[in-house]
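Observations on the three-dimensional arrangement
Here is what each chain is made of, one letter per residue.
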Amino acid sequence: MPAVFLTPAGPFSLASGIRFVEGFSLASYHHAADGILRPAFPADDCASVVAATVRQELRADSTSLVETVAHK
């Protein structure tokens, strides 16, 4: 599973982002209360689905770890 670390240019809270998605009726996101965002979306080939897990590390720069996997 490929992993990427993203460091935001300014203040960022994954917990706030998850709360936003939970309240967005088109997304209707329900999850375990573990602070991890688990989005899924169609891949560019329109034959696969990409799933991701996003975790925010407890660091001063708010770095987030994004892991992805594609399913056919």
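Attention here is on the structure that accompanies the text. (Residues numbered from 1 in each chain as written. Predicted model: local features only at pLDDT ≥ 70, side-chain atom pairs only at ≥ 80, totals over all residues. Heavy atoms only, no water.)

It is worth spelling out the overall build of the chain at this point. Assigned secondary structure in the chain consists of 1 helix and 4 strands. Relative to its 72 residues, the chain shows a buried fraction of 22%. At a minimum sequence separation of 6, the contacts of the chain that also span at least 24 residues come to 37%. Per element, the accessible surface of the chain, about 5,100 Å² overall, is 64% carbon and sulfur. (Helix = DSSP H or I, 4+ residues; strand = E, 2+ residues; numbered from the N terminus. Buried < 20%, exposed > 50% of the residue type's maximum accessible area, 1.4 Å probe, protein only. Contact = heavy atoms within 4.5 Å. Areas by Shrake-Rupley, 256 points an atom, 1.4 Å probe, with all protein chains shown as cover.)

Looking now at the environment of Leu37. Here Leu37 shows up in the loop between helix H1 (14-23) and strand S2 (40-42). Leu37 sits in the buried class, given a relative accessible area of 16%. Separated by 19 residues in sequence, Leu37 and Gln56 have C-alpha atoms that sit 9.4 Å apart.

What follows concerns the nonpolar core. Grouped together as the largest cluster of nonpolar side chains are 5 residues: Leu14, Ile18, Leu37, Val54 and Val66. Beyond its immediate chain neighbours, meaning those up to four positions away, Val54 contacts Leu14, Gly35, Ile36, Leu37, Ser64, Leu65 and Val66. (Core = buried A, V, L, I, M, F, W, Y, C linked by side-chain atoms within 4.5 Å.)

With that settled, consider the pairing of strand S3 (residues 49-56). Relative to S3, S2 runs antiparallel, the two being bridged by 3 bridges. Bridging from a neighbouring strand, Pro42 pairs with Val49 of S3. Turn length for the S2-S3 hairpin, with the two strands adjacent in sequence and antiparallel, is 6 residues, and the turn residue Cys46 shows positive phi of about 60 degrees. (Pairing = 2+ DSSP bridges.)

You will see that Cys46, though not glycine, has its phi angle at about 60 degrees, which is positive. Note on placement: Cys46 falls in the loop between S2 and S3.

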